[in-house]
Amino acid sequence: MECYFDNAATTQVRPEVLEAMLPYFIQNYGNPSSIYKISQENKKAVETARKQVADAIKASPELIYFTAGGSESDNWALKGIADSYSSKGKHIITTAIEHHAILHTCEYLETKGYEVTYLPVDEMGLISLDELKAAIRPDTILVSVMFANNEIGTIEPIAEIGAICKEKGVLFHTDAVQAVGHVPIDVDAMNIDMLSMSGHKFYGPKGIGAMYIRKGIKIPSFIHGGAQERKRRAGTENVPGIVGIGKAIELAVSEMDTEIPRLEKLRNKLIDGILTKIPYSRLNGDPVKRLPGNVNVSFEFIEGESILLLLDMQGIYASSGSACTSGSLDPSHVLLAIGLPHEKAHGSLRLTMGHFTKEEEIDYILEKLPPIVERLRDMSPLYEQIKNKK
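About the cut-offs
Residues numbered from 1 in each chain as written. Predicted model: local features only at pLDDT ≥ 70, side-chain atom pairs only at ≥ 80, totals over all residues. Heavy atoms only, no water. Helix = DSSP H or I, 4+ residues; strand = E, 2+ residues; numbered from the N terminus. Rg over C-alpha atoms; globule rule 2.2 N^0.38 Å. Buried < 20%, exposed > 50% of the residue type's maximum accessible area, 1.4 Å probe, protein only. Lys, Arg positive; Asp, Glu negative; His and termini not counted. Charge placed at Lys NZ, Arg CZ, Asp CG, Glu CD. Polar contact = N/O pair within 3.5 Å; in protein donor to acceptor, adjacent residues only side chain to side chain. Contact = heavy atoms within 4.5 Å. Arc of directions from axis to C-beta. Disulfide = S-S within 2.5 Å. Pairing = 2+ DSSP bridges. Axes fitted to C-alpha atoms, helices over the stretch in contact; angles between N-to-C directions. pLDDT = per-residue confidence, 0-100. Core = buried A, V, L, I, M, F, W, Y, C linked by side-chain atoms within 4.5 Å. Expected span 1.5 Å × (residues − 1).

1. Digging into the overall build of the chain
Tallying secondary structure elements over the chain gives 14 helices and 12 strands in all. A compact globule built from 390 residues would reach a C-alpha radius of gyration of about 21 Å, and the chain, at 22 Å, matches this within 12%. Considered along the principal axes of its C-alpha atoms, the chain spans approximately 75 × 55 × 35 Å. Looking at the 390 residues of the chain, the share that counts as buried comes to 56%. For the chain, the distance from the average site of its 42 positive side-chain charges to the average site of its 51 negative ones is 4 Å.

Encoded structure:
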């Protein structure tokens, strides 16, 4: 049996999405910027997808800009605002648990003279709204807080953060890569000024993303060249990818009312099963304010990488954290930020479910995971001491 439990890293393209994309590789191959018929048809397809993306977050289509993915959108938001609003100030606020697309961009901006405040989080991965208020200064130009964490699944109080930023006159960006298509989003109700997303996180193709930029925000072009994306992002449009992200997000939003409770049921069964069957295990992240398909657990006395290898031998594909740091031997910065010591952070496992996850796969994991953990612990001298004391 093969079970894919790494949907936070990437999802497979849904058949309906692939079917929508295929004509734009061969039959409808025109450049949308040209004036003849096959190109103008492609331009219409791009604008249809723009509306599909906009509708998913309750925005106006003209405020959606297509990019190559979440990392590009994050870079554009931070570097663009830093460039345009430097005369007001050079202070940016973010959190200690952001994706590296935000953290590394902030580190880059620090080398250019910007000051960055990294808000801490509590043991559940939530920021303090009072600490956010206290961190905002007259020279603060941007607050960037992720909608939902890619490792532990915790959903931040986005509407409350947006309200604070609006009251203080500070722009608010959210990296919503893990949230779009999985939980409801309303950019106006939540006072979101800019939002990043990536198609391959909700069953669209890789290499295509989008950014929402509220009307009136000054932000320079991220890629210079042609006049595409209303002169803000040059380069011939990736028409198949754009069609794909549009179809994928339309499907995801239309099924959300049934998919959220289905995944929450599977998620809770998996969490309860792991915590019941495996001693010295703990759930990471908020048990309630959490993405529907995210399970992140830590096991004492063992290494997460060893668990992954043995799970792989059983046909179970998971991760120990972000796919962007899979080659690193350092413990997760997110788990350290919520207070886990290094040894517990090293023994983490992330299991993320999605549209194609079935209940029998949950049962299969609950059958295979406990003996794997026990086998690895039997090789641990520390665990042997604990058993002997008992």
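2. Thoughts on the side chain of Asn284
Of note, Asn284 is situated in the loop between strand 9 (281-283) and strand 10 (294-299). Judged by relative accessible area, which is 0%, Asn284 ranks as buried. Only 2.9 Å separates the side chain of Asn284 from the side chain of Arg282, close enough to count as a polar contact. Not counting residues up to four positions away in its chain, the partners in contact with Asn284 are Ile152, Arg290, Asn296, Val297, Ser298, Leu335, Ile338 and Leu340.

3. As for helix 10 (residues 304-313)
An α-helical turn contains 3.6 residues, so any two residues separated by three or four positions project in the same direction. Along helix 10, the residues that are buried comprise Gly304, Ile307, Leu310 and Leu311. Projection of helix 10 onto a plane perpendicular to its axis shows the buried side chains occupying an angular sector of 125°, all on one side. When the buried face of helix 10 is taken as reference, the exposed residues oriented beyond 90 degrees from it are Leu309 and Met313. Residues of helix 10 that are buried make contact with strand 10, strand 11 (316-317), helix 12 (342-346), strand 12 (348-352) and helix 13 (359-377). Residue Gly315 follows helix 10 closely and has a positive phi angle near 80°.

4. Notes on the state of the cysteines
Considering all chains together, one arrives at 0 disulfides under this definition. Left without a disulfide partner, Cys165 is nearest to the cysteine sulfur of Cys106, which lies 14 Å away. Residue Cys165 is classed as buried on the basis of its relative accessible area, which comes to 1%.

5. Observations concerning the sheet that holds strand 6 (residues 171-175)
Pairing is mixed in the open sheet, where 7 strands are placed in the order 2-8-7-6-5-3-4. In the strand order of this sheet, the two ends are held by strand 2 (64-67) and strand 4 (115-119), each with one partner. Direction aside, the axes of adjacent strands within the sheet are offset by 20° on average. With 3 bridges joining them, strand 5 (residues 140-144) and strand 6 adopt parallel strand pairing. What sits directly across from Ser144, in strand 6, is His173. Contacts from helix 3 (residues 70-84) reach strand 2, strand 5, strand 6, strand 7 (194-198) and strand 8 (209-213) within the one sheet, and its direction differs from that of strand 7 by about 160°. Docked against the sheet, helix 4 (residues 100-111) engages strand 3 (91-95), strand 4, strand 5 and strand 6, running at close to 150° with respect to strand 4.

6. What to know about the confidence of the model for the chain
Taken residue by residue, the chain gives an average pLDDT of 95. The fraction at 70 or more is 97%. The lowest-confidence element of the chain is helix 14 (residues 381-389), averaging 73 in pLDDT; the highest-confidence one is strand 6, averaging 99.

7. Some points on the nonpolar core
Counting 64 residues, the largest nonpolar core has Phe147, Ile185 and Leu195 as its most contacted members. Of the residues forming this core, the biggest block, 8 residues, is contributed by helix 8 (residues 239-254).

8. Topic: helix 4
The end-to-end C-alpha separation of helix 4 is 16 Å, in line with the 16 Å expected for 12 residues at 1.5 Å each. Taken together, the buried positions of helix 4 are occupied by His100, Ala101, Ile102, Leu103, Thr105, Cys106 and Leu109. Next to the buried residues of helix 4 lie helix 3, strand 3, strand 4, strand 5, strand 6 and helix 11 (333-337).

9. Quick word on unusual backbone geometry
For Arg230, which is not glycine, the phi torsion reads 50° and is therefore positive. Relative to the helices and strands, Arg230 is located in helix 7 (residues 228-231). The backbone of Phe301 sits at a positive phi, close to 80°, despite the residue not being glycine. Looking at the secondary structure, you find Phe301 in the loop between strand 10 and helix 10.

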